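This is what each chain is made of:
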Amino acid sequence: QVQLVESGGGLVQAGGSLRLSCAASGQTFSNYGMGWFRQAAGKEREFVAGITWSGGSTDYADSVKGRFTISRNNARNTVYLQMNSLKPEDTAVYYCAVQGNRLGLIRRGPEFYNYWGQGTQVTVSF
């Protein structure tokens, strides 16, 4: 059974940092792109960052570019999201997900992702 488990969320003041982790089990995802999404209360889920299977390419939403960094460790079947200079508007539930196509390009639409974690809450206070 495929399982993605996010961790590292919490409450932080504006300007602070958090590092999210997403550990995958039940299948090796080293040949699949992975992504981070977020969903704020009352809003649709949105793409935050994506990374190719090799880690050689990344993509970021404009709202987080220059502040967030996605990375992965295929030996540990884990993907990370380093979040710096956090803003109150970054408050959301953050989800990691695995793309459905092997060795594919980074996709921003959630419809391209087959497996999802349960999410971790990130709250940024003023």
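Our subject is the structure that appears above.
Keep in mind the model is a prediction, meaning the values are calculated, not measured. What you see as residue numbers is a count from 1 along each chain, following the sequence as written. Restriction of local features to residues with pLDDT of at least 70 applies here, the model being predicted, together with a cutoff of 80 or more for giving and counting side-chain atom pairs; totals for whole chains, interfaces and linings are based on all residues. Only hydrogens and water are set aside when side-chain values are computed; all heavy atoms of the structure are taken into account.

Peer 1: In this structure, what is going on with the environment of T58? I would like to understand it.
Peer 2: The helix count covers DSSP runs of H or I at least four residues long, the strand count covers runs of E at least two residues long, and both are numbered beginning at the N terminus. Along the chain, T58 falls in strand 6 (residues 58–60). Here the term buried applies to any residue with accessible area under 20% of the maximum for its type, exposed to any over 50%, and partly exposed to those in between, with areas from a 1.4 Å probe on protein chains only. Given a relative accessible area of 39%, T58 falls into the partly exposed group. When the C-alpha positions of T58 and N84 are compared, they lie 17 Å apart, and in sequence the two are 26 residues distant. With sequence-adjacent residues up to four places away left out, T58 is seen in contact with G50, I51, I70 and I106. We call two residues contacting when some pair of their heavy atoms lies within 4.5 Å.

Peer 1: Would you mind going over the pairing of strand 5 (residues 46–51) with me for this structure?
Peer 2: Along any regular strand, the residues point their side chains to alternate faces of the sheet. Counting buried residues along strand 5, five of its six residues qualify, which places the element largely inside the surrounding structure. Sheet analysis places strand 4 (residues 32–39) next to strand 5, joined by five bridges and oriented antiparallel. What sits directly across from M34, in strand 5, is I51. Pairing between two strands is assigned when DSSP locates at least 2 bridges connecting them. Where strand 4 folds back on strand 5, the antiparallel hairpin that results is connected by six residues, among which G42 adopts a positive phi of roughly 80 degrees. Across three bridges, strand 5 lies against strand 6 in antiparallel orientation. Residue pairing for strand 6: G50 is matched across the bridge by D59. In this antiparallel pair of consecutive strands, strand 5 and strand 6, the connection spans six residues, and G55 shows a positive phi of 85 degrees.

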